[in-house]
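Commentary on secondary and tertiary structure
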Amino acid sequence: DWGMKSVTSLLDSVNILIPIPFLNNAIMNSTTNTLVEAVFNFNWLSAAGTGIVLAAFMSCIILHVSVGKSISIFADTLNELKIALLTISGVLAYAYVANNSGMTTTMGLLVSKTGNMFPLFAPIVGWLGVFVTGSDTSANALFGKLQTTAFSAVGILPIMGIGANLAGGAVGKMISPQSIAIAAGTTGLTGREGEIYKFSMKHSIILLAMICCIIYFFDGIFLSVLVSEAGSGSAQAASSTASSGGLIILLVSFVIVFLARKLLPSSKTTA
C-alpha cells in the first residue's frame, strides 16, 4: 500500500518540510534557469521504511517474539550493516553534491554531443547515473529529461531515450557502491566489497555493450515499427489503465485468499 500514489499522498499530509539554510534557492539550474530548492522532506509516515517497521512489528506479534528479543535482533542487524549504512550515506551525499554542482549533467551532455551516434552511447548515461546515485529511479529522474531532449534533437522517438536510460541503469545496479555494500553486509562478506565490485564490473560492462548495440540497432531497423506503435498507443491508453487497475484488484484478492487459506485453522482433523 505504501507504493500507491493515493496512499502516499494521504500519508504525506503530515510530513514536515525543513528548508536547508544557506542552500535553499541558492543554486541556479542552468538548463531550466530556475533556482534549486534544497528542502528536507521529513516524510516520516509515508516513507517506505515506516511500512517496513510496521511489517516487522506485526511479524513480532504474529510470531510471538518478545520485546527484548526484538530489540536484540534490531541491534544485531544495525551492527552487521553499520559499514553498509555509512557507505550509503556517503554515496548519497556525493550524489547531492554531484547533482547540485552540475557534474552529472555535464557527463550526460558530454555523451549527447555524439549526434546521430548518441543512441549507441545513451545507455551509458543511465549506467553512470545508477552508479553515482545507486538508484535506477534517481537516475531516471536525473537524466530522463536529458535523454528525451537529446533523442528528439537527433530525430528519434523520445521514448527510446527513456528505454535506453532504464536498460543502462539496470546493469549499472550491480556495480553501485550502495548495492554492493548492502549485499556484502547482509551475506557476511563485509570487507570484501572490492572483490565483489571487481567481479561484477566485467559482467556489467559486457551487458552494457550488448544493450548499447541493441538500442542502436532498434534506432536504425525498427524505428518505423516504433513510430507506428506510438501512434496507436494513445488509442489504447484508456483500456490499458483500466486493465491495470483490474489486475491489481485481482492480484490483491488472490493474495488475501491464499493467506486466509494458509492462516485460518483448517476444519480437517488429523488422526
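Placed above this text is the structure.
Now for a description of the structure that goes with this document. These numbers come from a predicted model, not from an experiment. (Residues numbered from 1 in each chain as written. Predicted model: local features only at pLDDT ≥ 70, side-chain atom pairs only at ≥ 80, totals over all residues. Heavy atoms only, no water.)

Brief notes about the packing of helix 4 (residues 82-101) against helix 9 (residues 177-186)
So the rule is basically this: For every element, the axis is a line fit to its C-alpha atoms; helices are fit only across the contacting stretch, and the angle between N-to-C directions ranges from 0 to 180 degrees. Helix and strand definitions here come from DSSP, where helices need a minimum of 4 consecutive H or I residues and strands a minimum of 2 consecutive E residues; each element is numbered from the N-terminal end. Angle categories: roughly parallel below 35 degrees, roughly antiparallel above 145, roughly perpendicular from 65 to 115, and oblique for all the rest. Contact criterion: two residues are considered in contact whenever any of their non-hydrogen atoms come within 4.5 Å of each other. Any residue that is not Ala, Val, Leu, Ile, Met, Phe, Trp, Tyr, Cys, Pro, Asp, Glu, Lys or Arg is counted as polar, Gly included; the first ten are nonpolar and the last four charged.
Put simply, helix 4 and helix 9 touch, their axes get as near as 9 Å, and they point 175° apart. As summarised for this structure, helix 4 and helix 9 are arranged roughly antiparallel, according to the angle between their axes. Along the contact surface, helix 4 presents A84, T87, I88, V91 and L92, while helix 9 presents P177, Q178, A181 and I182. Of the residues in the contact of helix 4 with helix 9, the class split is seven nonpolar, two polar and no charged.

Focus on the side chain of S204
Stated formally: The buried label applies to any residue whose accessible area, calculated with a 1.4 Å probe on protein chains only, is under 20% of its type's maximum; exposed applies above 50%, and partly exposed to all values in between. Polar contact is defined as a pair of N or O atoms within 3.5 Å, subject to the rule that within protein one atom must be able to donate a hydrogen and the other to accept it, and that residues adjacent in sequence are counted only when both atoms are side-chain atoms.
For S204, the position within the fold is in helix 10 (residues 193-221). Taking relative accessible area as the criterion, S204 reaches 0% and is therefore assigned buried. Among the polar contacts listed, one links the side chain of S204 to the side chain of W127, at a separation of 2.8 Å. S204 has contacts with W127, V171, G172, M174 and I175, leaving out every residue within four places of it along the chain.

A look at the nonpolar core
Here is a general trend for soluble globular proteins: nonpolar side chains tend to be buried in one another's company. Our working definition: In this description, a nonpolar core means a group of buried Ala, Val, Leu, Ile, Met, Phe, Trp, Tyr and Cys residues linked to one another through side-chain atoms lying within 4.5 Å.
Among the nonpolar cores identified, the biggest contains 16 residues, and W127, F151 and M160 are the most heavily contacted of them. No other element matches the five residues that helix 10 contributes to this core. If near-sequence neighbours (up to four positions away) are discounted, F151 is found in contact with F118, P119, A122, I156, L157, P158, M160, G161 and A164.

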